[in-house]
Amino acid sequence: MNNFSKLLSAIALAMCMLPLYAEAQRTVIDDVVAIVGDDAILRSDIEQQYEQALIDGANYGGDMKCHIFEQLLIQKLMVNQANIDSITVTDSEVASQVDQRLNYFIQQVGGQDKLEEYFNKPYMQIKRDQMEVVRTQILTQRMQSKITENVKITPAEIRTYYSQMSTDSIPYISAQYEIQQIVVYPSVQQKEIDRIKDKLRDFQRQVAEGRDFATLAVLYSEDQGSASRGGDLGWYSKAGFVPEFSAAAFNLQEKGKVSKIVETEFGYHIIQLIDRKGDRINVRHILMKPKIDAENRNKAIEWLDTVSSFLKSEKITFEEAAMRFSMDKDTRNNGGVILNSNDGSVRMQISDLPAEIAKAIQGLEVGQFSKPFQMIDERRGKETWRIVKLKARHEPHRANMKDDYSLLQGIMEERKKKDVLDQWIRDHQRNIYVNISPEWRDCKFQYDGWVK
């Protein structure tokens, strides 16, 4: 991990170490150990995060408490500037992240009741305790992005950077793969579509009779990301939704109004308007996904077997088959080539691939393709069947300008961002009131401008 990533990880750790463990850890006599602007850092903040760092097995080297203390100082510095710059965070954004975080903890301890027992608090109190912590985290992340948003790297800078690297410092690249795919979504029987629509019509009727839409969303929506929030999707512009959903949502004019049934690539929805401000709206929805029956699933497999026979007999190339038969709009127009979501390149390491695809290419020679296999489309949450082809394999090697330009560009960009972030912190240390308790002034800080 490079220095910039380490710095951001450290800051993120300071933000993410939630005070969930306060009830479970030893009692700390609280006092203020530092003031940054108008914000205080308490001894309990450091102690709680120190306990969490021990649980996580974190090791920063040196005095861990001093390290955590400095990350809190940096966080306060950034949040202060974020408030000055009017950087905002919506309640729905905060709620979404809190839900995800608490769901993770519930999985770890084995249930919501055990979570409540562990912290000796009702679930809603635990949730409320996290809202401000997560809000601060998001503000800090946005401030970091704003500080480094104008960082650009020129080709000349990358060439100079690469030429000055020693052989041992040039990154070693693991084996990389280029993969193509043909994706088929099994058909849905009309009676299943009718069942879904009847259910959604019943929800529309219940809301019209006074039933709370949000309650129905919690009970029945199959959108795991929003169901626990009563279907609340937060604030979006038209471009934030897929076209069909956007058209229906922005057609709603009255608060509380419910849309007609809307079909999208994710399934079938009904939408309720919560509020609108200018060109942005806040809506909630109920999503229901049709189930695939065995007959249509078998038809999808049989169709892919037929496509495979065409490929084996060389009646059609894989690229042509992807363009003609694949139902995945993200890859069919480029011959089925899957792009790396991290950098947009065509090369991926095994760790970049979904487990099903990684398993499917094991044992394939370059140019060979897999048997049909099932896989859930993670973005759409829908069942798919697909075949994949190993288009190319790149052996492990030291990074070079020809094959790994985007990687070197990313490394150089992070290095430059770190320099910009370092300078921003040093500049703002001088321009904000900072008062540190005497017992903490002897810490070996990375940035020496804290003690004034």
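Only a predicted model underlies this, so the values are computations on that prediction, with no experimental measurement involved.

A. Helix H11 (residues 294-312), seen in detail. Helix length check: H11, at 19 residues, gives a terminal C-alpha distance of 27 Å against a target of 27 Å (1.5 Å per residue), a fit within 8%. For H11, the full list of buried residues reads Asn296, Ala300, Leu304, Val307, Ser308 and Leu311. Buried residues along H11 cover an arc of 135 degrees about the axis, so they all sit on one side. Of the exposed residues in H11, those oriented more than 90 degrees away from the buried face are Glu302 and Lys312. Those residues of H11 that are buried are in contact with strand S4 (176-184), helix H12 (318-325) and strand S10 (382-394). Following H11 by one or two positions, Glu314 has its phi on the positive side, about 60 degrees.

B. Looking closely at the side chain of Thr384. Examined against the element boundaries, Thr384 turns out to sit in strand S10. Look at Thr384 and you get buried, because its relative accessible area is 0%. Here Met375 takes part through its backbone oxygen, which lies 2.6 Å from a polar atom of the side chain of Thr384. Of the polar contacts made by the side chain of Thr384, one reaches the side chain of Arg386; its length is 2.9 Å.

C. Structural view of the confidence of the model for the protein chain. Of all residues in the protein chain, 92% attain a pLDDT of 70 or more, and the chain-wide mean is 87. Mean pLDDT per element in the protein chain: helix H1 (residues 3-16) is the minimum at 46, and helix H8 (residues 190-208) is the maximum at 97. Note on residues 1-28: pLDDT is under 50 here. Beyond four places in sequence and across chains, it has 71 contacts.

D. Representation of the pairing of strand S8 (residues 280-288). Judged by how many residues are buried, S8 sits mostly within the fold: eight of nine residues are covered. With nine bridges connecting them, strand S7 (residues 267-277) and S8 associate as antiparallel partners. Residue Ile271 lies in a different strand from S8, and its bridge partner there is His285. Two successive antiparallel strands, S7 and S8, enclose a turn made up of two residues, where Gly278 displays a positive phi of approximately 60 degrees.

E. Summary view of the packing of helix H6 (residues 123-148) against helix H14 (residues 405-430). It is at 9 Å that the axes of H6 and H14 come closest, and there the two elements cross at 110 degrees. One element, H6, and the other, H14, form an angle in the roughly perpendicular class. Contacts between H6 and H14 pair Met143, Ile147 and Thr148 from the former with Lys417, Val420, Leu421 and Trp424 from the latter. Among the residues forming the contact of H6 with H14, the class breakdown is five nonpolar, one polar and one charged.

F. How the structure looks around the sheet that holds S10. Taking strand neighbours across the sheet as the criterion, the three strands line up as S4-S10-S9 in an open arrangement whose pairing is antiparallel. Two strands bound the open sheet, and with one partner strand each, they are S4 and strand S9 (373-377). Here the average twist between neighbouring strands, direction ignored, is 50 degrees. When S4 meets S10, the two strands line up antiparallel, connected through nine bridges. Paired with Val183 across the bridge in S10 is Arg386. Sitting on the sheet, H11 is in contact with S4, S9 and S10, with an inclination near 25 degrees to S10.

G. Molecular detail of the state of the cysteines. Under the definition given, this model contains one disulfide. The disulfide that involves Cys66 links it to Cys443, with 1.9 Å between the sulfurs. Classification of the bridge connecting Cys66 and Cys443 rests on its S-S torsion, roughly -70 degrees, and on that basis the disulfide is left-handed. Here the residue Cys66 occupies a position in helix H3 (residues 64-84), and Cys443 occupies one in the segment after strand S12 (434-436), the gap between them amounting to 377 residues. Judged by relative accessible area, which is 11%, Cys66 ranks as buried.

H. Up close: the sheet that holds S8. On the basis of which strands lie adjacent, the open sheet formed by four strands has the order S5-S8-S7-S6 and antiparallel pairing. Pairing within the sheet leaves two strands with one partner each, and these edge strands are strand S5 (232-236) and strand S6 (262-264). Taken pair by pair, the neighbouring strands of this sheet meet at an average axis angle of 40 degrees, ignoring direction. Packed onto the sheet, H8 meets S7 and S8 and runs at close to 30 degrees relative to S7.

I. Summary view of the nonpolar core. Of all hydrophobic cores here, the largest spans 44 residues; its most connected members are Ile41, Phe69, Leu73, Ile425, Ile436 and Trp450. When residues of this core are traced back to their parent elements, those giving at least two are strand S1 (32-36), helix H2 (43-56), H3, helix H4 (91-109), helix H5 (112-119), H6, H14 and S12. Counting residues per element, this core draws most heavily on H3, which supplies 11 residues.

J. A look at the packing of aromatic side chains. Enumeration over the complete set of coordinates arrives at seven aromatic pairs. Here a set of aromatic residues connected by ring pairs shows up, and it is made of Phe69, Trp440 and Phe445. Between Lys382 and the ring centre of Tyr185, over which it is positioned, the NZ or CZ distance is 4.9 Å.

Reading the values: rules and limits
- Residues numbered from 1 in each chain as written.
- Predicted model: local features only at pLDDT ≥ 70, side-chain atom pairs only at ≥ 80, totals over all residues.
- Heavy atoms only, no water.
- Helix = DSSP H or I, 4+ residues; strand = E, 2+ residues; numbered from the N terminus.
- Expected span 1.5 Å × (residues − 1).
- Buried < 20%, exposed > 50% of the residue type's maximum accessible area, 1.4 Å probe, protein only.
- Arc of directions from axis to C-beta.
- Contact = heavy atoms within 4.5 Å.
- Polar contact = N/O pair within 3.5 Å; in protein donor to acceptor, adjacent residues only side chain to side chain.
- pLDDT = per-residue confidence, 0-100.
- Pairing = 2+ DSSP bridges.
- Axes fitted to C-alpha atoms, helices over the stretch in contact; angles between N-to-C directions.
- Parallel < 35°, antiparallel > 145°, perpendicular 65-115°, else oblique.
- Nonpolar A, V, L, I, M, F, W, Y, C, P; charged D, E, K, R; others polar.
- Disulfide = S-S within 2.5 Å.
- Core = buried A, V, L, I, M, F, W, Y, C linked by side-chain atoms within 4.5 Å.
- Phe/Tyr/Trp six-rings, centres within 6.5 Å; stacked < 30°, edge-to-face > 60°.
- Lys NZ or Arg CZ within 6 Å of the ring centre and 35° of its normal.

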